[in-house]
Amino acid sequence: MAVFVALGAFLMTLAGGWTAQRVTDRRHLVLGLAGGLMLGVVGLDLLPEALSTAGEEVFGVPAALLLFVAGFLLAHLVERLLAARQAAHGGEEHDGRAPEVGLTAAAAMVGHSAMDGVAIGAAFQVGGGMGLAVALAVIAHDFADGFNTYTITSLYGNARRKAITMLFADAVAPVIGAASTLFFTIPEKALGGYLGLFGGVLLYLAAAEILPEAHHEHPARSTLLCTIAGAGFIWLVVGLAGSG
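Residues numbered from 1 in each chain as written. Predicted model: local features only at pLDDT ≥ 70, side-chain atom pairs only at ≥ 80, totals over all residues. Heavy atoms only, no water.

*Asks:* Help me understand the overall build of the chain in this model?
*Replies:* A count of helical and extended segments in the chain gives 8 helices and 2 strands. Element order for the chain, N to C, with α for helix and β for strand: α-α-β-β-α-α-α-α-α-α. Expressed as a percentage of its 244 residues, the buried residues of the chain come to 45%. In the chain, the proportion of contacts linking residues at least 24 apart, taken out of those at least 6 apart, comes to 82%. (Helix = DSSP H or I, 4+ residues; strand = E, 2+ residues; numbered from the N terminus. Buried < 20%, exposed > 50% of the residue type's maximum accessible area, 1.4 Å probe, protein only. Contact = heavy atoms within 4.5 Å.)

Written out as structure tokens, the structure reads:
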């Protein structure tokens, strides 16, 4: 049942990536929406879940928040190191961005989608009702995952073929993750720590890369409205999942 439900996440992820491809003539709107979706996922979904499962304090600060900050700094460090390596070897950059950064970020999205599948499988082990509630949340926000995976890969100058490859990997990942729960499960605290770390990475990409790029080329009111709409969509998804 968990694997069957994860197929819904597969289709929704592909739908999100397809949407990102079709609206390339409104790139600033795509980036604004992607930034809002990522901001909403971090603030309204990942961090609350991380704090509830890995909220133990370390020197007065919840471990999830420490990992959140560590994820933000890690993303910044990886970007700087890859950009410096690219420049040292004479490689090309896309608007000052190393394509490897986009692929690394997309790979992180794929890993997160795999963990979504694990979450679906673990929830169904608890009970059918819990499994369906978690599946609803995962399937709904996987549209945003697919949208963001394609967008972030393309933003850093990677070819369309690579962006589609990462999108497909992101779509397959929840199915593989759900199937893996037939053999093992991840401890709750470890999962919470991962969510905090990944949240920091996503926030860095949204705040330091995607949103500045969206407003730099086309600082229109419509771009800001797309950002707000993206965050609002995640709020709606989280609210519907919670009420279910």
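*Asks:* Can you walk me through the environment of A169 in this structure?
*Replies:* Position of A169 relative to the elements: it lies in helix 6 (residues 160-180). Between the C-alpha atoms of A169 and A106, which are 63 residues apart in sequence, the distance is 9.4 Å.

*Asks:* Please explain the packing of helix 1 (residues 2-22) against helix 6 as it appears in this structure.
*Replies:* Relative orientation and spacing of two packed helices are given, respectively, by the angle between their axes and the distance between those axes. Packing of helix 1 against helix 6 brings their axes to within 7 Å, and their N-to-C directions diverge by 160°. When the axes of helix 1 and helix 6 are compared, the pair comes out roughly antiparallel. Note on packing geometry: the crossing formed by helix 1 with helix 6 is right-handed. In this structure, helix 1 contributes A2, V3, A6, L7, A9, F10, T13, L14, G17, W18 and Q21 to the contact, and helix 6 contributes R160, I164, L167, F168, D170, A171, V172, P174, V175, A178 and A179. Residues that form the contact of helix 1 with helix 6 fall into these classes: 17 nonpolar, 3 polar and 2 charged. (Axes fitted to C-alpha atoms, helices over the stretch in contact; angles between N-to-C directions. Parallel < 35°, antiparallel > 145°, perpendicular 65-115°, else oblique. Left-handed = near helix turned anticlockwise from the far one by under 90°. Nonpolar A, V, L, I, M, F, W, Y, C, P; charged D, E, K, R; others polar.)

*Asks:* Where do I start with helix 2 (residues 27-53) in this structure?
*Replies:* What sets the pattern is the α-helix's 3.6 residues per turn: residues three or four places apart point alike. Given a rise of 1.5 Å per residue, 27 residues ought to cover 39 Å, and the 37 Å separating the end C-alpha atoms of helix 2 matches this to within 8%. Helix geometry: helix 2 is bent most strongly at V42, by close to 35°. (Expected span 1.5 Å × (residues − 1). Bend = angle between axes of the 7 residues up to and from the residue.)

*Asks:* Hey, could you run me through the nonpolar core in this one?
*Replies:* Soluble globular proteins tend to pack their nonpolar side chains together in the buried interior. One finds I152, L202, L205 and I210 to be the most contacted residues of the largest nonpolar core, which totals 36 residues. For this core, the elements supplying multiple residues, two or more each, are helix 2, helix 3 (63-88), helix 4 (99-126), helix 5 (128-155) and helix 7 (188-217). Looking at this core element by element, the count peaks at 10 residues for helix 2. The residues contacting I152, other than those within four sequence positions of it, are G102, A105, A106, L205 and I210. (Core = buried A, V, L, I, M, F, W, Y, C linked by side-chain atoms within 4.5 Å.)

*Asks:* What should I look at first to understand unusual backbone geometry in this one?
*Replies:* Among all residues except glycine, the phi angle is most often negative; among peptide bonds, the trans geometry is most common. Even without a glycine there, the phi angle at F59 is positive, about 55°. As for its position among the elements, F59 is in the loop between strand 1 (57-58) and strand 2 (61-62).

*Asks:* Sorry if this is basic, but what is going on with a nonpolar patch on the surface here?
*Replies:* On the surface, L51, V58, F59, V61, L65 and L66 cluster together into a nonpolar patch covering about 540 Å² of accessible area. Note that L51 resides in helix 2. (Patch = residues over 30% accessible without salt bridge, like charges linked within 9 Å, V, L, I, M, F, W, Y side chains within 5 Å. Areas by Shrake-Rupley, 256 points an atom, 1.4 Å probe, with all protein chains shown as cover. Salt bridge = Lys/Arg side-chain N within 4 Å of Asp/Glu carboxyl O.)

*Asks:* What should I look at first to understand the side chain of T227 in this one?
*Replies:* Mapped onto the fold, T227 is located in helix 8 (residues 221-243). Residue T227 is classed as buried on the basis of its relative accessible area, which comes to 11%. Reaching out from T227, the side chain makes a polar contact with the backbone oxygen of G32 at a distance of 2.9 Å. With residues up to four places along the chain from it excluded, the contact list for T227 reads G32, L33, G36, L211 and H215. (Polar contact = N/O pair within 3.5 Å; in protein donor to acceptor, adjacent residues only side chain to side chain.)

*Asks:* Sorry, what's going on with helix 6 here?
*Replies:* In a regular helix each residue adds 1.5 Å, so 21 residues correspond to 30 Å; helix 6 covers 30 Å between its end C-alpha atoms and thus fits that length. Where helix 6 bends most, at V172, the angle is about 30°, and the proline P174 comes one to four residues later. Within helix 6, the full set of buried residues consists of A163, M166, L167, D170, A171, A173, P174, V175, G177, A178 and S180.

Everything listed here is a matter of geometry and, on its own, says nothing about what the molecule does.
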